[in-house]
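Residue-level structure breakdown
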Amino acid sequence: MASLAMKKELQRSSSIKVLTAILSGIAGLAIIIMAGKSSFSIIGIAPIFAAAIFWYWGLGQYCLSKGYSGAMAAIGVLGLPGLIILLVLPDRYKVEAPPVVQHTNYPRSAIGSVTTIV
């Protein structure tokens, strides 16, 4: 992973794709239900197919943003439980804390530089 900005972009992009997949799937099912047994019900398959593509593409990008292989998106076959599994996976790319500065420009306090004789 190159940077935090790249990770954030992958997470944003994956969220958009997964949301698009969910909405496309709902639209496809609505078309099929409303068309009933007519020949127009076949039109509902196109949004469902697009939903599957966006689902796996988005989950693959989410896996990459967490430091895993994009092939882990295959867990998405499980649907919502697969998404939950991917959400709870630990992040392999932790944001590192800034380095601790050893030498500061602040003057030493009198208390810190005096040793106590007991």
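Residues numbered from 1 in each chain as written. Predicted model: local features only at pLDDT ≥ 70, side-chain atom pairs only at ≥ 80, totals over all residues. Heavy atoms only, no water.

**So, the packing of helix 1 (residues 4–35) against helix 2 (residues 45–65)**
- Look at helix 1 against helix 2: their axes get within 7 Å of each other, and the N-to-C directions meet at 160 degrees. As far as their axial angle goes, helix 2 and helix 1 are roughly antiparallel. As helix 1 runs across helix 2, the sense of the crossing is left-handed.
- Here the residues of the contact of helix 1 with helix 2 sort into 17 nonpolar, 10 polar and two charged. (Axes fitted to C-alpha atoms, helices over the stretch in contact; angles between N-to-C directions. Helix = DSSP H or I, 4+ residues; strand = E, 2+ residues; numbered from the N terminus. Parallel < 35°, antiparallel > 145°, perpendicular 65-115°, else oblique. Left-handed = near helix turned anticlockwise from the far one by under 90°. Nonpolar A, V, L, I, M, F, W, Y, C, P; charged D, E, K, R; others polar.)

**Description of the confidence of the model for the chain**
- Summing up the model confidence of the chain, the mean pLDDT is 81 and the portion of residues at 70 or higher is 77%.
- Within the chain, no element has a lower average pLDDT than helix 4 (residues 110–113), which sits at 53, and none a higher one than helix 2, at 92. (pLDDT = per-residue confidence, 0-100.)

**Side note on the packing of aromatic side chains**
- Scanning the entire structure with this criterion turns up one aromatic pair.
- Pairing Phe54 with Trp57 gives two aromatic rings, centres 6.1 Å apart and planes at 25 degrees, and the pair type is stacked. Residue Phe54 and its partner Trp57 are both found in helix 2; the two are separated by three residues, about one turn of the helix.
- The partly exposed category is assigned to Trp57, whose relative accessible area is 46%.
- Over the ring of Trp57 we find Lys17, and its NZ or CZ is 4.3 Å from the ring centre. (Phe/Tyr/Trp six-rings, centres within 6.5 Å; stacked < 30°, edge-to-face > 60°. Buried < 20%, exposed > 50% of the residue type's maximum accessible area, 1.4 Å probe, protein only. Lys NZ or Arg CZ within 6 Å of the ring centre and 35° of its normal.)

**Some thoughts on the environment of Ser15**
- Here Ser15 lies in helix 1.
- Its relative accessible area of 47% is what places Ser15 among the partly exposed residues.
- Separated by 43 residues in the primary sequence, Ser15 and Gly58 place their C-alpha atoms 6.7 Å from one another.
- A distance of 2.9 Å separates a polar side-chain atom of Ser15 from the backbone oxygen of Gln11. (Polar contact = N/O pair within 3.5 Å; in protein donor to acceptor, adjacent residues only side chain to side chain.)

**Section: the packing of helix 2 against helix 3 (residues 80–88)**
- Between helix 2 and helix 3, the shortest axis-to-axis distance is 10 Å and the interhelical angle comes to 15 degrees. By the angle between their directions, the pair helix 2 and helix 3 is classed as roughly parallel. Crossing angle aside, the handedness with which helix 2 passes helix 3 is left-handed. Touching Trp55, Leu59, Tyr62 and Cys63 of helix 2 are Leu83, Leu86 and Leu87, all from helix 3.
- Of the residues belonging to the contact of helix 2 with helix 3, the class tally is seven nonpolar, no polar and no charged. (Contact = heavy atoms within 4.5 Å.)

**Considering a nonpolar patch on the surface**
- A surface patch of nonpolar side chains, about 480 Å² in accessible area, is lined by Ile31, Phe40, Ile42, Ile43 and Ile45.
- Relative to the helices and strands, Phe40 resides in the loop between helix 1 and helix 2.
- Classification of Phe40 as exposed rests on a relative accessible area of 56%. (Patch = residues over 30% accessible without salt bridge, like charges linked within 9 Å, V, L, I, M, F, W, Y side chains within 5 Å. Areas by Shrake-Rupley, 256 points an atom, 1.4 Å probe, with all protein chains shown as cover. Salt bridge = Lys/Arg side-chain N within 4 Å of Asp/Glu carboxyl O.)

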